[in-house]
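Chain by chain, the residues run as shown.
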Amino acid sequence: MHQQVTKPFEISRHLIMEAYKRVKQNRGSAGIDSVSLKDYELHLKDNLYKLWNRMSSGSYFPQPVKLVEIPKSNGGTRPLGIPTVNDRIAQMSAVRMIESRLESVFHTDSYGYRLGRSAHDAIGQARQRCWRYDWVLDMDISKFFDTIDHELLMKAVERHINEKWILLYIRRWLVVPYEKSTGERIERNMGVPQGSVIGPVLANLYLHYVFDKWMEKHHPTVPFERYADDTIVHCRTLEEAESLKEQISNRLAACKLKLNAEKTRIVYCKQDGRRKDYPEIEFDFLGYNFRPRWARNKYGQNFTSFLPGISNKSKKRIMETIRGWRLNSRVQLCLRAIADEINPVVRGWIRYYGKYYPSLLKEFLQSLNNRIARWVCRKYKRFRNKMKRAYGWLCTIADRDKHLFYHWSYGIIPYSSKPLQQKKNG
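Residues numbered from 1 in each chain as written. Predicted model: local features only at pLDDT ≥ 70, side-chain atom pairs only at ≥ 80, totals over all residues. Heavy atoms only, no water.

K.L.:
Quick rundown of the pattern of salt bridges? Include the residues and the values.
P.N.:
What the rule picks out here adds up to 19 salt bridges. Among the ionic pairs, Arg129 bridges to Asp109, the shortest N-O distance being 3.1 Å. With Arg129 in helix 5 (residues 119–132) and Asp109 in the loop between helix 4 (85–103) and helix 5, the pair connects residues that are 20 residues apart, well separated along the chain. The residues Arg129 and Asp109 share a single accessibility class, namely buried. The partner of Glu341 in a salt bridge is Arg330, and the shortest N-O contact between them spans 2.5 Å. (Salt bridge = Lys/Arg side-chain N within 4 Å of Asp/Glu carboxyl O. Helix = DSSP H or I, 4+ residues; strand = E, 2+ residues; numbered from the N terminus. Buried < 20%, exposed > 50% of the residue type's maximum accessible area, 1.4 Å probe, protein only.)

Here is the structure:
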């Protein structure tokens, strides 16, 4: 008889299968081995068995993380690390083991990467508190994900995780190198790769102890909203905000992080009834811009309130995406094919940015109707150089089928008899 070999780690095969299903839901591109999810699934059972076997025996070692540089709005780049499909499944198996126990630990004002919580929840809470508190400390941590201290992070991890296999593999995931498209490898001794499956959970846990628990202990009456490292703190006075800024800066420095002095700002939440003169009266948070805006009360009277609406940075990113579609050059497609392609993206924009102060989004997305009208002018000879007629034709289509384009069903319909002015080469 063959003696059964006992694995050093007890890991359920069911856990690996469930982790694969979650990774498949999240999709994502291939890692450094160029193996896509579709490729991985060609030998799914064999691949999952090999992964389970290696993880159970302790012989699993992650491959280098594919480094992709994502352009930032300020002209710089943000490093994005893409693990292989195999490594994403391995990380997801650990996440599934720990996310529920950490959920019971996290602070009520922490919203990022948590079950049943969203960016909209954080924005809605921030809106309410800006009405009650006059001042906001808008924080920015320099290169947060890239500068997390591994030793301090592991201390936090070990407070909540006892499974030896999870601790072993987290240490391996933390130090796995980046690999560029040229083959050059970048060794890592700090930070958590953005783009990894387990990175958000680890980063959240790190700031839980660095910031959330510290605030709870030293400033229990001061509310805040934190979504990953995007954080705002509400203060009653300017003096309180200035004092907190210095104290938080010192706290972050003690935990190997740095408050970005240029991007961290104190903002006065100016609205009716608040008459102080202060230069900073707006801030961006999670793609929204908070600032004084016209509002109407239940009696139909206009007043100035401090409200969130889609930010200029978000508008710019959306316009870059729309330009990237290059609709003018895609005259081989029919109108429905164009709609089928862009609707999922537009739906995401509207559901996210249309939640608060939606009139800003509606006005802005009229430009999409102009792009479609210009496509009509290029597609059909009878509309060549006749934007007004093309717009009228789209109005007829919208009357007949307002659900053809998602933004039409949202009320952004090309009913204007006069299309927006077009820029040359726009």
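That shown, we press on.
K.L.:
Describe the nonpolar core, naming the residues involved and giving the relevant values.
P.N.:
Grouped together as the largest cluster of nonpolar side chains are 71 residues, with contacts concentrated most on Ile89, Ile170, Val233 and Ile248. Per-element accounting of this core gives the leading share, 11 residues, to helix 9 (residues 199–218). What Ile89 contacts, discounting residues up to four positions off in sequence, is Ile16, Ala19, Tyr20, Val23, Tyr40, Leu48 and Leu51. Judged by nonpolar contacts, the second largest core, of 54 residues, contains Ala373, Met387, Ile397 and Leu404. (Core = buried A, V, L, I, M, F, W, Y, C linked by side-chain atoms within 4.5 Å. Contact = heavy atoms within 4.5 Å.)

K.L.:
Kindly report on the sheet that holds strand 9 (residues 283–285), identifying the contributing residues and their values.
P.N.:
Reading across the sheet, the three strands line up as 9-10-11 and stay open at both edges, with antiparallel pairing between neighbours. Edge positions in the sheet fall to strand 9 and strand 11 (302–310), since each of these pairs with one other strand and no more. With direction set aside, neighbouring strand axes in the sheet form an average angle of 50°. Bridge count for strand 10 (residues 288–296) against strand 11 is nine bridges, and the pairing is antiparallel. Residue Tyr288 lies in a different strand from strand 11, and its bridge partner there is Ile310. (Pairing = 2+ DSSP bridges. Axes fitted to C-alpha atoms, helices over the stretch in contact; angles between N-to-C directions.)

K.L.:
Can you lay out the packing of aromatic side chains for me, pointing to particular residues and giving the numbers?
P.N.:
To describe a pair of aromatic rings, you give the distance between the ring centres and the angle between the ring planes. If you walk through the whole model with that rule in mind, you get 23 aromatic pairs. Relative to Trp52, the ring of Tyr49 lies with its centre 5.7 Å away and its plane at 40°, an arrangement referred to as tilted. Taken as a pair, Tyr49 and Trp52 lie in helix 3 (residues 44–57) at a separation of three residues, close to a single helical turn. Their ring planes at 65° and their centres at 6.4 Å tell us that Tyr60 and Trp173 sit as a pair that is edge-to-face. Pair noted here: Tyr60 is in the loop between helix 3 and strand 1 (65–71) and Trp173 is in helix 8 (residues 164–175), with a separation of 113 residues, a long-range link. A network of ring pairs unites the aromatic residues Phe9, Tyr60, Trp165, Tyr169 and Trp173 as a single cluster. Just above the ring of Trp52 sits the side chain of Arg13; from NZ or CZ to the centre is 4.2 Å. (Phe/Tyr/Trp six-rings, centres within 6.5 Å; stacked < 30°, edge-to-face > 60°. Lys NZ or Arg CZ within 6 Å of the ring centre and 35° of its normal.)

K.L.:
Before we move on, could you go through the packing of helix 7 (residues 150–158) against helix 8 and cite the residues and values that matter?
P.N.:
How two helices sit against one another is set out by the angle between their axes and by the gap between those axes. Helix 8 packs onto helix 7 with a crossing angle of 155° between their chain directions and a minimal axis gap of 11 Å. By the angle class used here, helix 7 and helix 8 are roughly antiparallel. In this structure, helix 7 crosses over helix 8, and the sense of that crossing is right-handed. Residues His150, Leu153, Met154, Val157 and Glu158 of helix 7 pack against Leu167, Ile170, Arg171, Leu174 and Val175 of helix 8. (Parallel < 35°, antiparallel > 145°, perpendicular 65-115°, else oblique. Left-handed = near helix turned anticlockwise from the far one by under 90°.)

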